[in-house]
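Per-entry structural report
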Amino acid sequence: SCELEHHADGGEPGTDTSDDGASDPAGLVFDPANAKGSVDDDQDGSKVWLLKAMDGDTILHVHLYAGRGAPTIPGVVDITEVETDYSTCGTCLVLETGCFAHDDHYDCTGIFMPRAEGELHLNAIGTAVGEKLTGELKNIVFQEVSMDQNYSTTPIAGGEQFQVDSLSFDVQLEAP
């Protein structure tokens, strides 16, 4: 089980406190039972790993784009400013809330990406179907964002934020 807790203190001194005036929802329990992962070649020939975990109406995505700087071997990724925007991230962490099935996909009412803090620990990063993708999100703060059609991501002033102290994943890679 993993806990996502609302984070309302604005973070460390000197960090962006764009959550001023944010609503204060109850803590969100996130315990996905059906995480799935895949590995494929991107258009440029580099590897792409996609992980999707769902609990109720909340979906967590971990997308690793080797062609945009994501690691291809186990290690620790520091979540920096480049990872806070889907148009620039190589290691992309996306949390979606209020999701419901719609034809062959999900429509969601809230989308969150990390602030520039925390880490993604990758313990195994298989490169073929049948191998493993395992790791852990540590000390990540997801902030509510908007995303345009070019995937450029902007934090929403006063938007919700969720603290993830520790969230582990362990999936066997499938074909996309």
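Refer to the structure above for everything that follows.
Below you will find a few notes about this structure. (Residues numbered from 1 in each chain as written. Predicted model: local features only at pLDDT ≥ 70, side-chain atom pairs only at ≥ 80, totals over all residues. Heavy atoms only, no water.)

Some points on the layout of surface pockets
Note the threshold: The definitions used throughout rest on a 1 Å grid laid over the protein atoms alone, on which a cavity is an enclosed set of points accommodating a 1.4 Å probe that cannot get out and a pocket is an open set flanked by protein within 12 Å on both sides along at least five of seven lines; lining residues are those having an atom within 4 Å of a point. Grid points are joined across faces, edges and corners, and a volume is the space filled by probe spheres set on the points. Strands are runs of DSSP state E lasting at least 2 residues, helices are runs of H or I lasting at least 4, and numbering of each runs from the N terminus. Here the term charged refers only to Asp, Glu, Lys and Arg, the term nonpolar to Ala, Val, Leu, Ile, Met, Phe, Trp, Tyr, Cys and Pro, and the term polar to all other amino acids, Gly among them.
Empty space within the largest pocket amounts to approximately 290 Å³. What lines the largest pocket is a set of 14 residues, among which Lys52, His61, His63, Glu96 and Tyr106 lie closest to the centre. The set of elements that each furnish at least two residues to the lining of the largest pocket consists of strand S5 (58-65), strand S7 (91-97) and strand S9 (105-107). Residue composition of the lining of the largest pocket, by class: 8 nonpolar, 3 polar and 3 charged.

A few points about the packing of aromatic side chains
Convention followed: Each Phe, Tyr or Trp ring (for Trp, its six-membered ring) is paired with any other whose centre lies within 6.5 Å, and the angle between the two planes then decides the class: stacked below 30 degrees, edge-to-face above 60, tilted in between. Summary of the burial criterion: residues with accessible area below 20% of their type's maximum are buried, those above 50% are exposed, and those between are partly exposed, where the area comes from a 1.4 Å probe applied to protein chains only.
Scanning the entire structure with this criterion turns up 3 aromatic pairs. With a centroid separation of 6.3 Å and 90° between ring planes, the pair formed by tyrosine 65 and tyrosine 86 is classed as edge-to-face. Highlighted residues: tyrosine 65 in strand S5 and tyrosine 86 in the loop between strand S6 (75-78) and S7, separated in sequence by 21 residues. Between phenylalanine 112 and phenylalanine 162, the aromatic rings sit 5.2 Å apart at their centres with planes inclined by 65°, giving edge-to-face as the arrangement. Here phenylalanine 112 is found in strand S10 (residues 110-114), whereas its partner phenylalanine 162 is found in strand S14 (residues 161-174), with 50 residues between them in sequence. Its relative accessible area of 0% is what places phenylalanine 112 among the buried residues. Here phenylalanine 162 falls in the buried class, since its relative accessible area comes to 4%.

Everything listed is a geometric property; what it means functionally is a separate question.
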